[in-house]
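Here are the chains, one letter per residue:
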Amino acid sequence: MKIAFVSKPAADAPVLALLLADDRKLGTRAAALDRACGGAITRALGSPRFKAKKGEILDLIAPTGLKARRIVLLGLGSPKELTFQVARSCGGALAAHLLAEREVKATLLVDHPTGVKLDEAHLAAELACGVRLRNYRFDRFFTEKKEDRPDPLTGLDLVVSQPAAAEKASKRPAAIATGVEFARDLTNEPPNELYPESFVARAKALTALGIKVEALDERQMARLGMNALLSVGKGSARPPRLLVLQYEGARPGKAGPLAFVGKGVCFDSGGLCLKRGNAMFDMKGDMAGGAAVMGLMRALAERKAKVHAVGVVGLVENMPSGTSFKPSDIVKTMAGRTIEMLDTDAEGRLVLIDALYYTASRFKPRSIIDLATLTYSVQAALGTVFAGLFATDDSLAQELLAVGQAVNERFWRLPLDKDYDTHLESKIADIKHHAEDSESADAAHAAALLKQFVDGRPWAHLDIAGKEFRPKDDPIGPAGATGFAVQLLEEFVARRESGN
Ligand code: MN
Ligand code: ZN
């Protein structure tokens, strides 16, 4: 969609939208419009239901004295609580309303309510970001139009005092929206379209933004000894890949880059420990951690962030066949330790241990954050409200918890404790990849395993299982892939960039 920051609305704009904080005072642009339509807006504000809470909408149809066919009042809630994330979700609420009304173009008059910390330019930029996030769609497989599937919005004009300032302020939120869209696209793609090699092909497009893209094939990984990752890919006709992205928006420093590692299981059937049919229906999304890493790298490059960041994604398909790895197989990991592998459906951690060790040993990063749709156990513990966070480093953990709160991608810290390590002892190899009883604290045992492969680097593990799809529309996205954690990681990097 086309988003423009302008100083005046077009004379024939069919849909005008206004902002109102919960004091319901009209700003200067809204007041002028109210006069032009004989006080219709003021009268409408008498509507007992409408409190201008965040995202709340009141629609005025065909106001007299105006060319516009409708005026949409968008509530922003309390000015004190209007953070960038609230602004994004209000923008999303506006988009949802316009889509429901089948309006494809709108003009938003950005009155800046008193008491709002974001300045006018940033408020406009964040609202526009929210509109884009909600307007996202994945429709490339539809061949027919349907009445109940509205066309996407095509244009939004935002009327502001200084269009150039708003344009500048929008660079970062626009880059974030692009990153989220990219991650959602990857996660929504069906597994016959998206598999390790085609995932790599999508990543190669990022070279145009100045990202260095490498992909290790199975021979190169074998030479490095990445046998845990390779084991998972053995059953598939689609060979595994290790994707390595480097973005140098700042000169590589002594402290090392910020590193992000994603689980990229393009389809998880469970392998020989095959899942039941309906447990497989969402398993195209088992690469959502990798998608988040891709979305982050894209957002950083799009906005020319001044950081050195590395993204690594372990790409495999976990399939049953005559060549699959088997429960009780033992292989040597890249780190040199042998691992006994039991439940082939606990494949994510096997992919991650080699990807983590590769990242830690090659780049010596100042921190590593990995993301994975890893365990049912974390969903059982935290449900849809929080994702799980494990960390060896308290300040990194605190930082991520705070950022998650700010972007509304929230995490709860779970235990990393050496007593879990004892359950990973194998009778026949150096280690085994899950506890005897994998129903008991599986998320914590997975984290305890991963911890042993980060080469002592400050590290956080984000178990985002269950966060990859939203079952129904919400203010910042339609049903389907969420692009979860792109906003989190981008904000984390931005705070590091500005030294906060
Ligand atoms: Mn699995
Ligand atoms: Zn999996």
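All residue numbers refer to positions counted from 1 along the written sequence of the respective chain. Chain letters start at A and ligand numbers start at 1, both assigned in the order the entries are written. Thresholds applied to this predicted model are a pLDDT of at least 70 for local features of residues and 80 or more for the giving and counting of side-chain atom pairs; totals over whole chains, interfaces and linings are not thresholded and use all residues. Where side-chain values are given, they derive from all heavy atoms of the structure, hydrogens and water being excluded.

## What to know about the coordination of the manganese ion (ligand 1)
When four donors bind a metal tetrahedrally, each ideal donor-metal-donor angle is 109.5 degrees, and when six bind octahedrally, the ideal angles are 90 or 180 degrees. For the manganese ion (ligand 1), every protein donor is listed as Asp 268 (OD), Asp 345 (O), Asp 345 (OD) and Glu 347 (OE), and the spread of their distances is 2.1 to 2.2 Å. Coordination shells were defined by N, O and S atoms within 2.8 Å of each metal, extended to 3.2 Å for Na, K and Ca; water is absent from the atom set, which can make sites look incomplete. The motif formed by the donor residues of the manganese ion (ligand 1), counted along the single chain, is D-x76-D-x1-E. Between the manganese ion (ligand 1) and the zinc ion (ligand 2), a separation of 2.9 Å is found, and both are coordinated by Asp 268. Of the two residues, Asp 268 is situated in strand β9 (residues 258-268) and Asp 345 in the loop between β12 (338-341) and α11 (348-363); the sequence distance between them amounts to 77 residues. A run of DSSP states H or I qualifies as a helix once it reaches four residues; a run of E qualifies as a strand once it reaches two. Both are numbered from the N-terminal end.

## Remarks on the coordination of the zinc ion (ligand 2)
Distances from the zinc ion (ligand 2) to its protein donors, Lys 263 (NZ), Asp 268 (OD), Asp 286 (OD) and Glu 347 (OE), fall at 2.0 to 2.5 Å. Only two sets of limits are used to name each site, 85 to 135 degrees for every angle of a tetrahedral four-donor site, and over 155 degrees for opposite donors with all other angles from 65 to 115 for a square planar four-donor or octahedral six-donor site, with any other site named irregular. Taken together, the 4 donor atoms coordinating the zinc ion (ligand 2) span angles of 87 to 177 degrees at the metal, a pattern that classifies the geometry as irregular. Each donor residue of the zinc ion (ligand 2) belongs to the same chain, with the gaps between them written as K-x4-D-x17-D-x60-E. Three labels apply to residues, based on accessible area from a 1.4 Å probe with only protein chains included: buried if under 20% of the type maximum, exposed if over 50%, partly exposed otherwise in between. Assessed through its relative accessible area of 1%, Lys 263 is described here as buried.

## Some thoughts on the pattern of salt bridges
Each salt bridge in this description consists of a side-chain nitrogen of Lys or Arg and a carboxyl oxygen of Asp or Glu lying within 4 Å of one another. Counting across every chain of the model gives 33 salt bridges. Put simply, Arg 88 and Glu 126 hold a salt bridge, and the shortest N to O gap is 2.7 Å. Separated by 38 residues along the polypeptide, Arg 88 in helix α3 (residues 84-100) and Glu 126 in helix α4 (residues 120-135) bring together distant segments of the chain. Judged by relative accessible area, which is 3%, Arg 88 ranks as buried. Residue class for Glu 126 comes out buried when judged on its relative accessible area of 8%. In this structure, the salt-bridge partner of Glu 189 is Arg 202, at a minimum N-O distance of 3.0 Å. Here the residue Glu 189 occupies a position in the loop between α6 (171-188) and α7 (196-204), and Arg 202 occupies one in helix α7, the gap between them amounting to 13 residues. Each of Arg 172, Arg 303, Glu 490, Glu 491, Arg 495 and Glu 497 takes part in one network of salt bridges that share partners.

## Comments concerning the domain arrangement of the chain
In this entry, domain limits derive from an automatic or database-based domain assignment. Domains assigned within the chain are domain 1 (2-161) and domain 2 (174-498). Using only C-alpha atoms to locate each centre, domain 1 and domain 2 end up separated by 37 Å. Between domain 1 and domain 2, the contact holds 14 residues from the first and 24 residues from the second. Throughout, buried area stands for the accessible area (probe radius 1.4 Å) lost by two parts on being put together, summed over both. The junction of domain 1 with domain 2 conceals about 1700 Å² of combined surface from both sides, 56% of it contributed by carbon and sulfur atoms. Contacts are residue-level and defined by heavy atoms, with any inter-residue pair within 4.5 Å sufficient.

## Some thoughts on the sheet that holds strand β16 (residues 431-432)
Across the sheet, 3 strands lie side by side as β11-β12-β16; this open sheet has mixed pairing. Looking at strand neighbours, the two that pair on one side only are β11 (329-332) and β16, the edges of this open sheet. At least two DSSP bridges between two strands are required for those strands to pair.

## What to know about the packing of aromatic side chains
Ring pairs shown here join Phe, Tyr and Trp side chains whose ring centres sit within 6.5 Å, with only the six-membered ring taken for Trp; geometry is labelled stacked below 30 degrees between planes, edge-to-face above 60, and tilted in between. One pass over the structure, following the stated rule, counts 4 aromatic pairs. Considering the side-chain rings of Phe 138 and Phe 141, the 6.1 Å spacing of their centres and the 50 degrees angle between planes classify their relative orientation as tilted. Using a relative accessible area of 21% as the deciding quantity, one classes Phe 138 as partly exposed. Residue classification places Phe 141 among the partly exposed positions, given a relative accessible area of 42%.

## What about the side chain of Thr 373?
Considering the arrangement of structural elements, one finds Thr 373 in the loop between β13 (367-372) and α12 (376-382). You can call Thr 373 buried: its relative accessible area is 5%. Polar contacts here mean pairs of N or O atoms no more than 3.5 Å apart (in protein, one a potential hydrogen donor and the other a potential acceptor; neighbouring residues in sequence count only if both atoms are side-chain atoms). At 2.5 Å, the side chain of Thr 373 and the side chain of Asp 286 are in polar contact. Setting aside residues up to four positions removed in sequence, Thr 373 forms contacts with Lys 263, Gly 285, Asp 286, Ala 288, Asp 463, Ile 464, Ala 465 and Glu 468.

## Notes on the packing of α3 against α4
Think of two packed helices as two axes; the pair is described by the angle between the axes and how far apart they sit. Between α3 and α4, the shortest axis-to-axis distance is 6 Å and the interhelical angle comes to 50 degrees. Classified by the angle between their axes, α3 and α4 sit oblique to one another. When you trace α3 past α4, the crossing you get is right-handed. For the pair α3 and α4, the contacting residues are Phe 84, Ala 87, Arg 88, Cys 90, Gly 91, Gly 92, Ala 95, Ala 96 and Leu 99 in the first and Leu 123, Glu 126, Leu 127, Cys 129, Gly 130, Val 131, Leu 133, Arg 134 and Asn 135 in the second. Each residue belonging to the contact of α3 with α4 can be placed in one class, and the counts come to 11 nonpolar, 4 polar and 3 charged. Lines fitted to C-alpha atoms define the axes, with helix axes restricted to the stretch in contact, and inter-axis angles between N-to-C directions lie between 0 and 180 degrees. Roughly parallel here means an angle under 35 degrees, roughly antiparallel means over 145, roughly perpendicular means 65 to 115, and every remaining angle is called oblique. For a crossing to be left-handed, the near helix must be turned anticlockwise from the far one by less than a right angle; the clockwise case is right-handed. Residues are grouped as follows: nonpolar covers Ala, Val, Leu, Ile, Met, Phe, Trp, Tyr, Cys and Pro; charged covers Asp, Glu, Lys and Arg; every other residue, Gly included, is treated as polar.

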